[in-house]
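# Structural characterization, general
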Amino acid sequence: MSGLGLISTYTSDSEDDEVIKDNNNKSNEVSERLPLPGSIAAWKGVPHHEELSDDPSQHNGRIRSFKHERGNWATLVYIDYEPSETMLLWMLSVSNELPMKCNIFSEEFHISITRTLILKFHWIESFVEEIKKLCEQTNQFRLEFLNVRTYCNEEKTRTFLGIECVDYKGTLDNFVKDINNSLVEYKLPPFYEDSSYHISFLWCLGDETASLSNLTSSLTNKLNHYLAEHIEERYIHINKVHLKVGNRLYAFKLR
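These figures come from a predicted structure and were not determined experimentally. (Residues numbered from 1 in each chain as written. Predicted model: local features only at pLDDT ≥ 70, side-chain atom pairs only at ≥ 80, totals over all residues. Heavy atoms only, no water.)

### A look at helix α5 (residues 171-185)
Between its first and last C-alpha atoms α5 spans 23 Å; for 15 residues at 1.5 Å apiece the expected length is 21 Å, and the two agree. Residues of α5 that are buried include every one of Thr 171, Leu 172, Phe 175, Val 176, Ile 179, Asn 180, Ser 182 and Leu 183, and no others. For α5, the secondary structure elements touched by its buried residues are β2 (72-80), β5 (117-120), α4 (124-136), β6 (141-152) and β10 (240-245). Where α5 ends, the next residue or the one after it, Lys 187, has phi of about 55°, a positive value. (Helix = DSSP H or I, 4+ residues; strand = E, 2+ residues; numbered from the N terminus. Expected span 1.5 Å × (residues − 1). Buried < 20%, exposed > 50% of the residue type's maximum accessible area, 1.4 Å probe, protein only. Contact = heavy atoms within 4.5 Å.)

### Considering the nonpolar core
Grouped together as the largest cluster of nonpolar side chains are 61 residues, with contacts concentrated most on Trp 90, Met 91 and Ile 113. Of the residues forming this core, the biggest block, six residues, is contributed by α4. Here Ile 113 is in contact with Val 77, Tyr 78, Ile 79, Leu 172, Phe 175, Val 176, Ile 179, Phe 191, Tyr 197 and Val 241, once residues within four sequence places are set aside. (Core = buried A, V, L, I, M, F, W, Y, C linked by side-chain atoms within 4.5 Å.)

### A closer look at the UniProt feature "active site" (unreviewed entry) in the protein
According to UniProt, the positions carrying the feature "active site" (unreviewed entry) are His 110 and His 198. The greatest C-alpha distance among the annotated residues, which extend across 89 residues, is 8.0 Å, indicating that they converge on a single site. One can find His 110 in strand β4 (residues 110-112). Residues in contact with His 110, not counting those within four places in the same chain, are Leu 76, Tyr 78, Ile 79, Tyr 81, His 198, Ile 199 and Ser 200. From its side chain, His 110 meets the backbone oxygen of Glu 108 in a polar contact 3.1 Å long. Here His 198 is to be found in strand β8 (residues 198-205). When near neighbours in sequence (up to four residues on either side) are disregarded, His 198 contacts His 110, Ile 111, Ser 112, Tyr 151, Ile 163, Glu 164 and Cys 165. (UniProt positions renumbered as here; feature names shortened; annotations may be inferred. Polar contact = N/O pair within 3.5 Å; in protein donor to acceptor, adjacent residues only side chain to side chain.)

### Some words on the packing of α4 against α5
Interhelical geometry of α4 versus α5 gives an angle of 160° and a closest axis separation of 11 Å. With respect to α5, the element α4 is oriented roughly antiparallel. At the point where α4 passes α5, the crossing takes the right-handed sense. Between α4 and α5, the contacting residues are Phe 127, Glu 130, Ile 131, Leu 134 and Cys 135 on the first element and Phe 175, Asp 178, Ile 179, Ser 182, Leu 183 and Glu 185 on the second. The class makeup of the residues in the contact of α4 with α5 is seven nonpolar, one polar and three charged. (Axes fitted to C-alpha atoms, helices over the stretch in contact; angles between N-to-C directions. Parallel < 35°, antiparallel > 145°, perpendicular 65-115°, else oblique. Left-handed = near helix turned anticlockwise from the far one by under 90°. Nonpolar A, V, L, I, M, F, W, Y, C, P; charged D, E, K, R; others polar.)

Next up, the structure:
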């Protein structure tokens, strides 16, 4: 099996705001009870996946950050990232150097630009429309890989190794500020004040920040050595932003 066979990635065949591949062709139970408004469906968001069960043994010990409740829709705005096969192999090689068992991401690699938000059903249409408009007003930009850092979720249940990214022109910072301004209307939390844009690629259970932080300097050196040999992979051109609402995915082009 090739390295790329270890993960699932987004695919698209359209030049417009895109339909993204349905991973399992099953309707989500909540979607059947609460169908999305027609105007949102017209933007071609499509079913993505079933909700995770609450049994940690079914997904490598991961614990849900919040309990699912009817009428609440988990929402995330993010940038998709599809690593090359050589980059994926580099990520996998890092796991061999760690003092604890770590897992490669089985979800799609991405750069979060909001927290995981909880939208009420009657907020969805206006929120999706706002993100679409912000994308239409934002220029395309590029991110540069900077270094390897450790991250821990707020519940201290998982620790991550991620590649930190930077946009020196500030386009992404301004875009996130605009999203934060929109979130005020819904009384939802803004993105982290000390935000660090990054692509998480390995994770382990619990708070292992101290142990992994001791390794980030050497891992950053290895990353820079890899990027020196694959210079085309140091930068990511960003021409669209993704939005996930419940089990629906949307991809909106930037200007």
